[in-house]
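Residue-level structure breakdown
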2 protein chains.
Amino acid sequence: MALLRSWIDSANTAETPFPLNNLPYGVFSVGEGDLRCGVAIGDRIVDVTGLEAAGVLRADPEADVLDAPAWNDFMELGPAAWARFRAGLTALLAEDAGEAARDAVTTYSVPLARATLHLPFRISEYTDFYAGKHHATNVGTMFRGPENALPPNWLSIPIGYNGRASSVVVSGTPVVRPWGQVKAPDAELPRFAPSARFDFELELGAVVGVPSEGMVSVAQADAMIFGYVLLNDWSARDIQAWEYQPLGPFQAKATATTISPWIVPAAALAPFRRPTPARERDLLPYLREPGPMLYDIALEVALAPDGGGETVIARTNYGEMYYSSAQQLCHHATSGCPMRVGDLLGSGTISGPEKGARGSMLELSWGGKEPVALTGGGERRFLEDGDTVTLRGHAQGAGYRIGFGECTGQLLPAREMPGWAKGETE
Amino acid sequence: MALLRSWIDSANTAETPFPLNNLPYGVFSVGEGDLRCGVAIGDRIVDVTGLEAAGVLRADPEADVLDAPAWNDFMELGPAAWARFRAGLTALLAEDAGEAARDAVTTYSVPLARATLHLPFRISEYTDFYAGKHHATNVGTMFRGPENALPPNWLSIPIGYNGRASSVVVSGTPVVRPWGQVKAPDAELPRFAPSARFDFELELGAVVGVPSEGMVSVAQADAMIFGYVLLNDWSARDIQAWEYQPLGPFQAKATATTISPWIVPAAALAPFRRPTPARERDLLPYLREPGPMLYDIALEVALAPDGGGETVIARTNYGEMYYSSAQQLCHHATSGCPMRVGDLLGSGTISGPEKGARGSMLELSWGGKEPVALTGGGERRFLEDGDTVTLRGHAQGAGYRIGFGECTGQLLPAREMPGWAKGETE
């Protein structure tokens, strides 16, 4: 597929993350104005809430679905409506659009640089997976040795656990270093302290746009996915180490989960489909994919100390995963678990086979033992106060890119301990 | 505290679960009518949506909060408004209420027996805990032996994991036996099959009515709890055994979670407060309770085979728990995890020290090894198709009871396996 040309020149470059081929869904505001649904194109945002109200482009002829500052009502309309809307918007923005279309879009659009971006959808529930083989092998090797790196179920199940939807924030939101129970390996008892091994995890998030009750096949699950975001699953490794047996991570993963501000439509990624790797153990039939369901998305992680320049500390690709989001969603529904519009599924940490392709500090510094050097001097075992972590990603087409926008967040110091947590009377 | 007398005679008996002292919050409909918010009193439901619309009893003078069929908007008003509303409703229903009050309530109430009950609130997120020491000891003994029964963190942390809010259903909803990946102990590989070890778990659920950002003390957490429900955390033990390492239960707990139709106000339970047991290990200061925060609530579990009479298979008390819901909520927020109105916290399985006080089949049948005899003949290791499990609970006052209504559900056979799950082409 080639670049689709737009009459908005900034959308026609090889570098823009937002050519006409993309049309990602976001929520924005300008100054003190209302939050509105928007679609990015080049260096502008099309105010689709405005286009809907003006009757220029309506997703649903009967009801406004873009008047709430979230894409959930639009998602509820289903895949046929998504495709119609995308075709309508493409026509308004394409090189051959008429004057009326150009006038309407000019009226209802703003420069991206002037906009504040918000969470693009209401997160119904958030599930995180553990579906990258390199990541699971690295972590397992550190904790259990290379012979027992992968748990016995790993090659059969896309392992997942429920996370906390309330913790999901949009790119740019600062993250405060959490307090929690931690226990030193040589200590008998835990203490309550700020996490000293705070980390990021490079992931892709799939946004469920079609609800289900009962089992769904992998093919059905794939069609239920509205789009994808970049996702940073911030993780307190020391809290996790003490809390996670026997029922899994809880507070270690609940401080924050940052997502990129744009949902890239599954339709925009379709030309970049890529198969999951060869299986070392046959999957049970229900999990087998009828076609390639990963995507070739180049990913990178950059770390910048407070006031300093950034170092790219990892480069990898979403195509490294062992299970696709469609397989994860299929497995998620096996028990009859109802899936809902606005559910967010984290892919699991995306690491590649090389050392420079590891998607977490835990792996990059091998549990804190091998510090990572920063370009401007200094090194990191885990994150330090003031560090900014930025995830970036794009699919590379012939002369164009499908980008996600940055997924970034700065780590702020832990808050002061409240008196009651020291045992003082309230 | 003594029985508060009402002019509705059925509320003045020693047996009714719904005396004037209770006033639990529910959602009901009659015939094909709309869903409305209601409060149970004796054998009637007061239609508080109707009272609000008529201006007889308004929780918020400015806005309708009981017009959506859920108590969330009411909860958003906060504890002072809850207390005012409760006082207002008590005045309308008390023995000395005037004729106008009686007329209004008579107009806006229906017989309980005619009503269909629905989920009383929109569940924002659902968290389940593992905070009963007898339960954790029983389960740990079965899996790891008596010496290692409790995990090392158990006496320090109210262990919890995130569950699936979309799976929560109201009492009376049938539950379909789930499919899932299971692996026999002597098998090398898993297979996809209906769960053969499907179980219930007797729990209490706390409903969060006040949101938080950042840490909250145990006292603050206690004041954030709007009320309590009975909760059955249906569990597929064989799915759980294969999936839960290393990230905890997932599909094993996602089929359904049944709650009783009435949220019993924390205010109604206040006279029944009871301290948590003596600590075997000092808690960290942040988790210490400023006063008694469990409740003396007698609980029972009844099992009835399809078409057969019921056997009470367990009797226990919520006062057996090691951690209170307030402690759980405090711990839940330590990492900065935002808590929201409508969050539901499952207490964890409530088992007592005796064999007949165990809150799950797993414990009652000791992993399937000691079948439980049923009154009408037959026995159970785990649940069979057609079985109905009913949880009941009440706090016993002097001449009155605070009841929850039944929390019941029938297990239906697994659905037929879809062709695609057998590997057939879709």
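Residues numbered from 1 in each chain as written. Chains lettered and ligands numbered in written order. Predicted model: local features only at pLDDT ≥ 70, side-chain atom pairs only at ≥ 80, totals over all residues. Heavy atoms only, no water.

1. Things to note about the overall build of chain A
The condition is simple: Numbering goes from the N terminus for both helices and strands, where a helix is a DSSP run of H or I of at least four residues and a strand is a run of E of at least two. As defined in this context, the radius of gyration uses C-alpha atoms, and a globule is described by 2.2 Å times the residue total to the power 0.38. In what follows, residue pairs with any heavy atoms lying within 4.5 Å of each other are defined as contacts. For the accessible areas, the method is Shrake-Rupley and the probe is 1.4 Å, while residue cover comes only from the protein chains on display. Charge convention: Lys and Arg are scored as positive, Asp and Glu as negative, and His as well as the terminal groups of each chain are ignored. One atom stands in for each charge, and that atom is NZ of Lys, CZ of Arg, CG of Asp or CD of Glu.
Summing up its helical and strand segments, chain A has 10 helices and 27 strands in all. Radius of gyration (C-alpha) of chain A: 22 Å, near the 22 Å computed for a compact globule of 426 residues. Once the C-alpha set of chain A is aligned to its principal axes, its extents read approximately 75 × 50 × 45 Å. Here the analysis covers contacts within chain A between residues at least 6 apart in sequence; of these, 72% occur between residues at least 24 apart. Carbon and sulfur atoms form 51% of the exposed surface of chain A, whose accessible area is close to 15,000 Å². If the 34 positive side-chain charges of chain A are averaged to one point and the 50 negative ones to another, these points end up 5 Å apart.

2. Some remarks on the environment of Ala 165 of chain A
Assignment of secondary structure puts Ala 165 of chain A in the loop between strand 7 (160-162) and strand 8 (168-170). Residues Ala 165 of chain A and Ala 254 of chain A, spaced 89 residues apart in sequence, show a C-alpha to C-alpha distance of 8.8 Å. Every residue in contact with Ala 165 of chain A, bar those within four places of it in the chain, is listed here: Ile 123, Ser 124, Glu 125 and Tyr 126 of chain A together with Glu 125 and Arg 340 of chain B.

3. Let's talk about the nonpolar core
Stated formally: Think of a nonpolar core as a cluster: buried Ala, Val, Leu, Ile, Met, Phe, Trp, Tyr and Cys residues, connected wherever their side-chain atoms sit within 4.5 Å. Note on exposure labels: buried denotes an accessible area under 20% of the residue type's maximum, exposed denotes more than 50%, and partly exposed covers the range between, all computed with a 1.4 Å probe on protein chains only.
Of all hydrophobic cores here, the largest spans 132 residues; its most connected members are Val 48, Trp 71, Phe 74, Leu 89, Tyr 228, Tyr 318 and Leu 344 of chain A. At 6 residues, strand 14 (residues 225-232) of chain A tops the list of elements feeding residues into this core. For Val 48 of chain A, the residues in contact, after removing those within four places along its chain, are Cys 37, Gly 38, Val 39, Leu 66, Trp 71, Phe 85 and Leu 89 of chain A. Of all hydrophobic cores here, the second largest spans 86 residues; its members include Val 264, Leu 299, Ile 313 and Leu 391 of chain B.

4. With respect to the packing of aromatic side chains
Stated formally: Here the aromatic set is Phe, Tyr and Trp, taking the six-membered ring for Trp, and pairing holds for ring centres within 6.5 Å; pairs whose planes are under 30 degrees apart are stacked, those over 60 apart are edge-to-face, and all others are tilted. Here, a charge over a ring is recorded when the distance from Lys NZ or Arg CZ to the ring centre is within 6 Å and its angle to the ring normal is within 35 degrees.
Counted by the stated rule, this structure contains 36 aromatic pairs over all chains. Among the aromatic residues, ring-to-ring pairing joins Tyr 25, Trp 71, Phe 74, Trp 82, Phe 85 and Phe 226 of chain A into one connected group. The ring of Tyr 322 of chain A has Arg 279 of chain A lying over it, and the distance from NZ or CZ to the ring centre is 4.2 Å. Taking the ring centre of Tyr 323 of chain B as reference, the NZ or CZ of Arg 279 of chain B above it sits at 5.4 Å.

5. Here we look at helix 4 (residues 99-107) of chain B
Residue and element names in this part refer to chain B. The condition is simple: Here the arc refers to the directions that run from the helix axis out to each C-beta atom.
Taken together, the buried positions of helix 4 are occupied by Ala 101, Ala 104 and Val 105. Buried residues in helix 4, looked at end-on, bunch into an arc of 95°, giving them a common side. Facing away from the buried side of helix 4 by more than 90 degrees, the exposed set consists of Glu 99 and Thr 107. Tucked inside the fold, the buried residues of helix 4 contact strand 3 (44-47), helix 1 (48-53), helix 3 (79-93) and strand 4 (109-111).

6. Some points on the sheet that holds strand 2 (residues 36-41) of chain B
Residues and elements named next belong to chain B. Using the following cut-off: Think of it this way: DSSP has to see at least two bridges between two strands before they count as a pair. Axis definition: a line fit to C-alpha positions, over the contact stretch in the case of helices; interaxial angles, taken between N-to-C directions, run 0 to 180 degrees.
Here 5 strands make up an open sheet; going across it, the order is 4-3-2-1-5 and the pairing antiparallel. Two strands in the sheet have a free side with no partner beyond their single neighbour: strand 4 and strand 5 (115-118). Each strand axis lies, on average, 45° off the axis of its neighbour in the sheet, ignoring direction. Note: strand 1 (residues 25-30) against strand 2, 4 bridges, orientation antiparallel. Each residue of the ladder has a partner; that of Val 27, found in strand 2, is Cys 37.

7. Points about the relation of the copies chain A and chain B
Superposing the two chain copies requires a rotation about an axis and a translation along that axis. Operational definition: The copies were overlaid by least squares, fitting only the C-alpha atoms of residues that reach a pLDDT of 70 or more in each copy.
When chain A is fitted to chain B, the best match, at an RMSD of 0.0 Å, comes from turning it 180° and sliding it 0.0 Å along the axis. These values place the two chain copies in the arrangement generated by a two-fold rotation axis. Every residue of chain A has its C-alpha some distance from the rotation axis, and the shortest such distance is that of Gly 248 of chain A, at 2.1 Å. A share of 100% of interface residues in chain A that are also interface residues in chain B marks the association as one of identical surfaces.

8. Regarding the pattern of salt bridges
Stated precisely, the cut-off is as follows: Salt bridge, as used here: a side-chain nitrogen of Lys or Arg that lies within 4 Å of a carboxyl oxygen of Asp or Glu.
Tallying each qualifying case throughout the model produces 46 salt bridges over all chains. Glu 310 of chain B is the partner of Arg 392 of chain B in a salt bridge, and the nearest nitrogen-oxygen pair spans 3.0 Å. Of this pair, Arg 392 of chain B sits in strand 25 (residues 388-396) while Glu 310 of chain B sits in the loop between strand 20 (298-304) and strand 21 (311-317), and the two are 82 residues apart along the sequence. The exposure class of Glu 310 of chain B is partly exposed, given its relative accessible area of 38%. What emerges from the salt-bridge pattern is a single network uniting Asp 199, Glu 201, Asp 233, Arg 237 and Lys 253 of chain A.

These values are about where atoms sit, not about what they do.
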